[in-house]
Amino acid sequence: MKIALFTNYLGLFQFERSPLKEKIKLVVRAHNRFEKLEEMDKFCSINNIEILTQPPYDSPEYETFSKKILDLNLSHIISNQYSLIIRQNLLEKFPDRAINIHWSKLPKNRGPNPIQWSIIKNEFETGVTVHHLSDTIDQGPILYQETVLIEEHDTWVTLMVKLKEASNQIIESKLDEILINKLLPVTQQEQDATTNPRLNSDFPKIDFSNMTDRTIFNIIRAQIPPLAGAYLETENETIRFGKRLSMEEVEAVRSMVSEGDISSIKRIVL
């Protein structure tokens, strides 16, 4: 078994204790991600792993990049925390031997920012799904899945810790079994599918006149630091929510907004 791992810093170091680490012969990172590149280089150097950067698909370098991968005669592709599409010209060379690890309970929350969206949408569970890669994002047959509960006190930060722990367990104790096709794939049920857009800095604007307290509660806890945070626009300034609020605090802030009590709002949200 010779594996190409398409990943970022977090996804790479999840394989530190995996029995599959010795079988990783290539790491591919995205051209648009710059987090801890030196650490990734060091990991690959210590473990004698080649490393490539995937260029933009429409760039002159993409063909050379693809050829380098195919020339290595790899047996499997694993995508873990990867931000770019792995194109069909590569996937077709790995029939049923290219998998993705996605942090949602597919077919729910396909696409980017699945942790935040599961909270924003007031869901009570999410999960980690291992599925076949296909030419459509997060739609390949499911090979393995674990459920992770979303509790009232969770923020995207605490939920990410839970999902990382579940993902670590799969990578360390289950992924080798998945790769040798011991588990039967299950087709995703399209009637249950949801797909989300990528969140941007404009999204988490709080509008008390058009949102319920529950909606506001969820948006705030899905956007706490180190993200920029949900925000409230007043006549004179923009106020960022720097922490999770309880439902009671959200209700209190609603009253303060109607009264124009900006100083009291700041005392609660900052």
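Every chain is numbered independently, its residues counted from 1 as its sequence is written. Local features are withheld for residues below a pLDDT of 70 in this predicted model, meaning they are given only at 70 or higher, and side-chain atom pairs are given and counted only at 80 or more; totals for whole chains, interfaces and linings count all residues. As a rule here, side-chain values cover all heavy atoms of the structure and leave hydrogens and water aside.

Caption draft 1: Just the layout of surface pockets, in detail. Taken as a whole, the largest pocket spans an internal volume of roughly 1400 Å³. Lining the largest pocket are 48 residues; nearest its centre among them are Arg-33, Tyr-82, Pro-112, Asn-113 and Arg-198. Within the residue set of the lining of the largest pocket, elements represented by two or more residues are α1 (9-13), α4 (88-91), β5 (98-102), α5 (114-120) and α6 (156-173). Residue classes follow a fixed rule: Ala, Val, Leu, Ile, Met, Phe, Trp, Tyr, Cys and Pro count as nonpolar, while Asp, Glu, Lys and Arg count as charged, and any other residue, Gly among them, counts as polar. Here the lining of the largest pocket is built from residues that sort into 22 nonpolar, 18 polar and eight charged. Approximately 170 Å³ is the volume attributed to the second largest pocket. Only protein atoms enter the calculation, which uses a 1 Å grid: trapped sets of points that fit a 1.4 Å probe without letting it out are cavities, open sets showing protein on both sides within 12 Å along at least five of seven lines are pockets, and any residue with an atom within 4 Å of a point is a lining residue. Grid points are joined across faces, edges and corners, and a volume is the space filled by probe spheres set on the points. Labels follow the DSSP assignment, with helices taken as runs of H or I lasting at least four residues and strands as runs of E lasting at least two, numbered in each case from the N terminus.

Caption draft 2: Molecular detail of empty space enclosed by the protein. A complete count under the given rule lists one cavity of 30 Å³ or more for this structure. Estimated volume of the largest cavity: approximately 40 Å³. Together, Thr-7, Asn-8, Tyr-9, Arg-29, Ala-30, Arg-33, Phe-34, Glu-35, Leu-37 and Met-40 line the largest cavity. Tallied by class, residues from the lining of the largest cavity come to five nonpolar, two polar and three charged.

Caption draft 3: Quick look at the sheet that holds strand β6 (residues 125-132). Strands sit in the order β3-β2-β1-β4-β5-β6-β7 across an open sheet of seven strands; the sheet is mixed. Taken across any chain shown, the strands that pair with only one partner, and hence form the sheet edges, are β3 (50-54) and β7 (142-149). The mean angle between the axes of side-by-side strands here comes to 20°, regardless of whether they run parallel or antiparallel. In this sheet, β6 lies alongside β5 in antiparallel orientation, the contact comprising four bridges. When DSSP finds at least two bridges between two strands, those strands are taken to pair. With axes taken as lines fitted to C-alpha atoms, and helix axes fitted only over the stretch in contact, angles between N-to-C directions fall between 0 and 180 degrees.

Caption draft 4: Structural detail: the environment of Leu-52. Assignment of secondary structure puts Leu-52 in strand β3. As a C-alpha pair, Leu-52 and His-132 span 80 residues in sequence and 22 Å in three-dimensional space. Setting aside anything within four residues of it in sequence, one finds Leu-52 in contact with Leu-26, Val-27, Val-28, Arg-29, Phe-65, Lys-68 and Ile-69. Residue contacts are defined here by distance: any two heavy atoms, one from each residue, within 4.5 Å place the two residues in contact.

Caption draft 5: The pattern of salt bridges, seen in detail. What makes a salt bridge here is a side-chain nitrogen of Lys or Arg within 4 Å of a carboxyl oxygen of Asp or Glu, nothing more. Here the structure, examined in full by the defined rule, presents 13 salt bridges. Of the charged contacts, one joins Glu-16 and Lys-21 as a salt bridge, the two residues approaching to 3.3 Å between their closest N and O atoms. Assessed through its relative accessible area of 35%, Glu-16 is described here as partly exposed. Buried residues are those whose accessible area, probed at 1.4 Å on protein chains only, stays under 20% of the maximum for their type, while exposed residues exceed 50% and partly exposed ones sit between those limits. Since its relative accessible area comes to 13%, Lys-21 is described here as buried. Between Lys-174 and Glu-177 there is a salt bridge, with the nearest N and O atoms lying 3.4 Å from each other. On the accessibility criterion, Lys-174 (23% relative accessible area) is partly exposed. For Glu-177, a relative accessible area of 26% puts it in the partly exposed group.

Caption draft 6: Representation of helix α8 (residues 213-221). A large share of α8 lies buried, amounting to seven of its nine residues. Residues of α8 that are buried: Asp-213, Ile-216, Phe-217, Asn-218, Ile-219, Ile-220 and Arg-221. Residues of α8 that are buried sit in contact with α5, α6 and α9 (247-259).

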